[in-house]
Amino acid sequence: MSQELAPRLDPRAIEPPRYRAWQEGGYFHVSADAVLEEGREPYVIVIPPPNVTAVLHMGHGLNNTVQDVLIRWRRMQGRAAVWVPGTDHAGIATQNVVERQLAAEGKHRDDLGREKFVERVWDFVNETGPVILDQLKAIGASCDWERTRFTLDPELSHAVREVFVHLYEKGLIYRGEYIINWCPRCLTALSNEEAEGEETAGSLWHFRYPLAEEAYGAAETAYEAALARRAEEAEGEEAETPAPIGIGRFDDGRWYVTVSTTRPETMLGDTGVAVHPDDERHQALVGADIELPLTGRRIPIVADDYVDPTFGSGMVKVTPAHDVNDFEIAGRTGLDVLDVMNPDATLNDEVPAAFRGVDRFEARKAVLAALEKEGLVAGREDHTHSVPHCYRCGTVVEPRLSDQWFVKMKPLAEPALEAARDGSISFTPPHWKRVYEHWMENIRDWCISRQLWWGHRIPVWYCTCGETIVAREDPDVCPKCGGAELEQDPDVLDTWFSSQLWPFSVFGWPEQTDDLKAFYPGHAMVTAPEILFFWVARMVMMGYEFHGEAPFSQIYLHGTVRDAQGRKMSKSLGNGIDPLEVVERFGADAMRYTIVSQCAVGTDISLDHEDVEAAFANGRNFANKIWNAGRFALLSLGEAPVRPLSEIEGDLELEDRWILTRTTEAGRAATSALERFRLHDAAEGLYHFFWGEICDWYLELVKGRLGPDADPASREAARTTLVTVLDRAFRLLHPVVPFVTAELWSRLPWPAGESRPDDLIVATWPDGADGFVDAEAEGSMAEVQSLVGEVRRLRKEYGIPEGERITVHVTSARAALMDALAAQAIALERMARVGSVEASAGTGVGAHAVLESGAELFIPLEGVIDIEREAGRLRDEMDRVEGQLKGTRARLANEKFTQNAPADVVQKERDKAAQLEEQGGKLREKLASLEGG
RNA sequence: GGUCGCUUAGCUCAGCUGGUAGAGCGCUACGUUCACAUCGUAGAUGUCGCAGGUUCGAGUCCUGCAGCGACCACCA
């Protein structure tokens, strides 16, 4: 078997068959019985369901690699580890994709009608839905595929219906008017995410609104108050620009107030003007009326906290039907709500005849002209602000008043907030806890209705008799009048309404299934911080509302994948990396290691899309290194079984005892890191253990003992040690690089008489708790390593030819070290070309060094190198350094230079002098040791 | 504007509870003695953003400043 191993790892040859074998072996699936009958402790992660239309990108690569590392690790720990996969129906995104398809055929969804359109989306979803899940298999995701779910599955829809009705009956779902984002071109509502803000240079206009005559008295009072306020401020030291008064008189003596807007056309829908309740300048005016220009309407002045008294005049025109904040002010103050626009954003019949039917931007000009004519425009200034645009067509989004369904969030948020405070849920990195709490404390009601066709239809029916029916089962007749003419609410629910139930809906809730009993609540939630509020927080709320506890206990928020310039990878920027291409070229192991090694808590991951090979070189090289070390070991070990560790313990040599100790420590460190979600620490620690300790030292030290000429007892001790160490190392590395480790592990010889797990994927995790430990061996090895390092360094420094075998003298070393060195003679020869080590000071011409332990090392150079030539080389070097130093010192002694040259140039010169001095010192020492002996 | 975070080697970043500055990539030199050139050995490079403070001791804690970024609200 071993002979078949190629000198280079070919991931394409080993990964797909290995994955198939795992799947066919049923290793990813755990039944409820494992928990309920066998009493195994569960470990559950539910996948953040990707959009059903999505194509795998690096963000998924990161998210799912992290989850798979955790699941594989816990599975090896013996937990009943279940990772539930699935997809999200993603209402708007999916509907858009299909609508684009239709548009390409020259059709609109209205041409098909609701039923046919939804059928068409289903066809599309059935066809493309599983793609992204299949793609996850390529990166090694060990999901329990038998549990694959879709948010629109009948069972999950059943859960949605139950939750909606439950919340409605509890009074937590209500219907109300609200301002939504509306695209006047697409004639559809948009979610906040779909209304993309764009910095736009615009104008801020200031208008004068005449006061009603009976308010003149109040105006005068307010005017005096404002003047007094200004005088007061003028006395203060920091009054740079006096606060505007906001109240004034026209030439003919009429009073007016000043308001500002970026959208003049909306003034036709104004129903009031608001001031801050504590604003001394304007208090007297509260309750007074304004004669709204152009309309002939009278509107009141009201007081509301929303108004910022320091902005503009401190007075705000209120247009409730066309601005979210204004709408909320109206709700609090009782102002009328006047909708002045048609769905296509032309003005409707509520406005004066001259403006009816006019487009909003034309109306803007017309309103400005009309106000200008009446002398009511007080000024204009440039104003840059963010204007929301439709992400599909780029049209400026219009806030529009409409009837929507809402969830009252405050009562739901309370236990979810408490969960964070009392530690029932933990956050990694921890600072997200405060962000979460802040959001929960200031939570606002959630608008859950969407004017779409694709999604969970709102389970509400309206009867001609006026009755509203909210029901778990579709009603046939009106329970009140018995009529059968019921009409279901046309809207569907926000996608997040169903995803928030994911942690328990995937297990069959509201039915009390065995799965639910066995696997709920889950454990870790691994996701990106962007959806902490959309999704994570809501899942916690639902967990408490329906189960009285959190749906998971640990929230791990990983970073974002960025390109070399630090930009987020995205389709539109074209800076993405296709994970499948990476898997194809370098293997899933390479991709996984590269990702995990960069996955430090709280940091983003950067990968250069322009040099994919360099970006994943680290992971590819490591996977290949594992492969080659394994290949070498397998070839050297042969296929014969090894002896159990207990039988050969007496024959263990220093390097065996050392590497076994290091293996124990590696297990401890990796376990501790994983427990704290420090995946990067775990990966890098294991990388160093495998490459820096097993490969660089142990394999080199043990080579001689594995050959046919070696002493049989020593050879068996080495074989057992090597098998033991590789077995543990492959186990520890398996969660991060599952394929290459499993492939090699399956070929490892095994201790005679010991039972062998069926597959590495279910081998017990070696946490190091009861591993082999020999502290003294560690100390001795450290000294051997230190000696080899110094010898290698000195060899290079003095130009000792690579092939030249040397004698090394060591003084003041511990006896144990000398023993160790004697035992390592073959290895020392191999690793540093040390022919012999002698416990003496050594004499004559040579190279000196001091080991970390304090022992002194001496290498005679007589007859080894051409002393005269080396000394001559050093003298030449010396001359050069001293020459440069002389010049530098002369420059520094020259006052003209030090005083006139730029400071940094002088400093550089000083640094150079210091550097040269140090260099000269070293050369002198070296020269002395060569000449003096 | 609110909240939070970041600033350490040429690049990307580690450095968890304060105790002699690290990794990967890149760079330089040498090396194919048969696991691996996707390799080995050795080497160079850091006033740890700036200014103060606490401490025996600060990259690490505190304060201020500067620059960058994220999220939320987008301010009439």
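Right, let's walk through the structure included here. Computed from a predicted structure; not experimentally measured. (Residues numbered from 1 in each chain as written. Chains lettered and ligands numbered in written order. Predicted model: local features only at pLDDT ≥ 70, side-chain atom pairs only at ≥ 80, totals over all residues. Heavy atoms only, no water.)

Turning our attention to the environment of C478. Considering the arrangement of structural elements, one finds C478 in the loop between β20 (468–470) and β21 (486–488). Owing to a relative accessible area of 2%, C478 belongs among the buried residues under this scheme. C478 sits 13 residues away from C465 along the chain, and the two C-alpha atoms are 8.5 Å apart. Not counting residues up to four positions away in its chain, the partners in contact with C478 are C463, C465, E467, I469, G483 and L486. (Helix = DSSP H or I, 4+ residues; strand = E, 2+ residues; numbered from the N terminus. Buried < 20%, exposed > 50% of the residue type's maximum accessible area, 1.4 Å probe, protein only. Contact = heavy atoms within 4.5 Å.)

So, about the nonpolar core. If you look at the biggest cluster of nonpolar residues, it comprises 214 residues, and the most contacted ones within it are M58, F164, Y436, F497, F616 and F690. The greatest single-element share of this core, amounting to 14 residues, is contributed by helix α24 (residues 679–706). Aside from chain neighbours lying at most four places away, what touches F497 is V160, V163, F164, L167, I173, V407, W446 and I448. One finds A226, I247, L292 and A345 within the second-largest nonpolar core, a separate group that totals 41 residues. (Core = buried A, V, L, I, M, F, W, Y, C linked by side-chain atoms within 4.5 Å.)

Right, let's talk about the protein's contact with RNA strand B for a bit. Around RNA strand B lies a shell of 41 residues, among which F311, T603, S606, H680 and W691 are the nearest. Among the atoms of RNA strand B lying within 4 Å of the protein, the sugar-phosphate backbone contributes 64%. Side-chain polar atom of E700 to a base nitrogen of RNA strand B: 3.2 Å apart, as the coordinates give it. Secondary-structure elements contributing two or more residues to the surface near RNA strand B are β9 (255–261), β14 (377–390), α21 (617–637), α24 and α27 (775–797). Of the residues belonging to the surface near RNA strand B, the class tally is 11 nonpolar, 15 polar and 15 charged. (Near = heavy atom within 4 Å. Polar contact = N/O pair within 3.5 Å; in protein donor to acceptor, adjacent residues only side chain to side chain. Nonpolar A, V, L, I, M, F, W, Y, C, P; charged D, E, K, R; others polar.)

A cluster of like negative charges, contributed by E115, E119, D123 and E127, occupies part of the molecular surface. Relative to the helices and strands, E127 resides in helix α6 (residues 114–128). (Patch = residues over 30% accessible without salt bridge, like charges linked within 9 Å, V, L, I, M, F, W, Y side chains within 5 Å. Areas by Shrake-Rupley, 256 points an atom, 1.4 Å probe, with all protein chains shown as cover. Salt bridge = Lys/Arg side-chain N within 4 Å of Asp/Glu carboxyl O. Lys, Arg positive; Asp, Glu negative; His and termini not counted. Charge placed at Lys NZ, Arg CZ, Asp CG, Glu CD.)

A few words now on the pattern of salt bridges. Following the criterion strictly, the structure yields 58 salt bridges and no others. Ionic pairing is found between D489 and R175, a salt bridge with its closest N-O pair at 3.3 Å. In this pair, D489 is assigned in the loop between β21 and β22 (492–493) and R175 in strand β5 (residues 173–183), connecting sequence segments 314 residues apart. Relative accessible area serves as the criterion here: at 36%, R175 is assigned to the partly exposed category. Members of the salt-bridge network, linked through shared partners, are R18, E743, R747 and D759.

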